[in-house]
Amino acid sequence: MPRLFSRLLAPAVLALGATLPALAQEVNLYTHREPGLIKPLLDRFTAETGVKVNVVFAANGLAERIQSEGERSAADLLLSVDVATLTHAVSLGITQPVKTPALEKAVPANLRAADGSWWAMSMRARAFYVSKDRVKDAALTYEDLADPRFKGRVCLRDGLHAYNTSMIAAAIANMGDVKAEEWLKGVRANLSKKPSGGDRDVAKDIASGSCDIGPSNTYYMGLMNRDPNQKAWADAVRVVLPTFRNGGGTHVNISGIVFAKHMKNRDQAIRLVEWLVSPAAQKLYAAQNFEYPVVGGVEPDAYTLSLGALKPDSLSLETVGANRKKASELVDKVGFNLGPQS
Ligand SMILES: [Fe+2]
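Residues numbered from 1 in each chain as written. Predicted model: local features only at pLDDT ≥ 70, side-chain atom pairs only at ≥ 80, totals over all residues.

S.K.: So, the overall build of the protein chain: which residues are in play, and what are the values?
M.R.: A count of helical and extended segments in the protein chain gives 14 helices and nine strands. By the compact-globule yardstick of 20 Å for 342 residues, the protein chain fits well, its C-alpha radius of gyration being 21 Å. Projecting the C-alpha coordinates of the protein chain onto the three principal axes gives extents of approximately 70 × 35 × 35 Å. Burial statistics for the protein chain: of 342 residues in total, 45% are counted as buried. The contacts of the protein chain with a sequence gap of at least 6 include a subset with a gap of at least 24, amounting to 80%. (Helix = DSSP H or I, 4+ residues; strand = E, 2+ residues; numbered from the N terminus. Rg over C-alpha atoms; globule rule 2.2 N^0.38 Å. Buried ≥ 20, exposed ≤ 12 C-beta atoms within 10 Å, placed from the backbone. Contact = placed C-beta atoms within 7 Å.)

As structure tokens, then:
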């Protein structure tokens, strides 16, 4: 069917292509994800549908670029990581809400904007890396990070990094303002040093013995594991998928997609996004990044599965997003980034 569709359209494109870009069998994807990680997936989409995907990659700033390009922007879609980046794009006014029955059926309600402004394509969990030798707990809660038994043993990256503000925003939603503040003060009191480095440094520091536990995203385990220079860090740690004491699950963030306000290839853009949430594409996409599929019933790859069974927090990521400002204010208020002592 796709091939037939493509053939039927071909003469029209040849004759009118210059004036009818909406009929072109292509879609323009701006992305903050490494092209190498998504290329196999996009190649498969093209092979199955005949629709070419033109990729514009940059490490950051693509929402601002689309904004400055204005109506002339070639962008049909922006694929990025972290709900903060997606809601930032929405706040810049460069997106448009799109809803289709297939997308609404595939993507759980807590992993998409209610109005269709953004859609999750994969999940990553904010786990704890713990020392295999020095931490024996099989299960832990986020609240445990403030437990006095971990005094001087907690390490993590900057409290104002999006990964941590999203986790703290989820803590505020799950614990309430007062308890969340007490909790963050307790985590600060447990720090082994000032927050610094990246998520992989939690594993590195645990491997060197300078801390025993810290929050880090799950997929870095997969990335360290396949890097000969970092494998020893991964080997030193065990992953625990923490939950909230009120019965909440593990805090997850996402990679996700927005439709550009001035997209020219609407039909093909929708086709690509709907294809990305098909079971086969979900499996491939999640496996390439060591992430979790968002679509129910699709299993992550064997390595990610080996890290434990994920029970994602049911909190809407819109609520997490709405609490992020409060979370960064709380980080400042408790002097989190000053480290264990003021
Ligand atoms: Fe990351």
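Anyway, onward from the coordinates.
S.K.: Before we move on, could you go through helix α3 (residues 62–69) and cite the residues and values that matter?
M.R.: Taken together, the buried positions of α3 are L62, A63 and I66. Mapping the buried residues of α3 onto a view down its axis gives an arc of 105 degrees, with all of them on the same face. The elements touched by buried residues of α3 are β1 (26–31), β3 (77–81), α4 (83–91) and β8 (252–260). Looking one or two places after α3, you find G70, whose phi comes out positive at around 60 degrees. (Arc of directions from axis to C-beta.)

S.K.: So what about the pairing of β1? Which residues, and what values?
M.R.: The buried count for β1 comes to five of six residues, which makes it a mostly enclosed element. Here six bridges tie β1 to strand β2 (residues 52–57), and the two strands are oriented parallel to one another. Bridge pairing links V27 to V53 in β2. In this fold, the crossover linking β1 to β2 by way of helix α2 (residues 35–49) has right-handed handedness. Inspection of the sheet shows β1 paired to β3 by three bridges, in the parallel sense. Bridge pairing links Y30 to L78 in β3. (Pairing = 2+ DSSP bridges. Right-handed = clockwise from strand over helix to strand, strands pointing away.)

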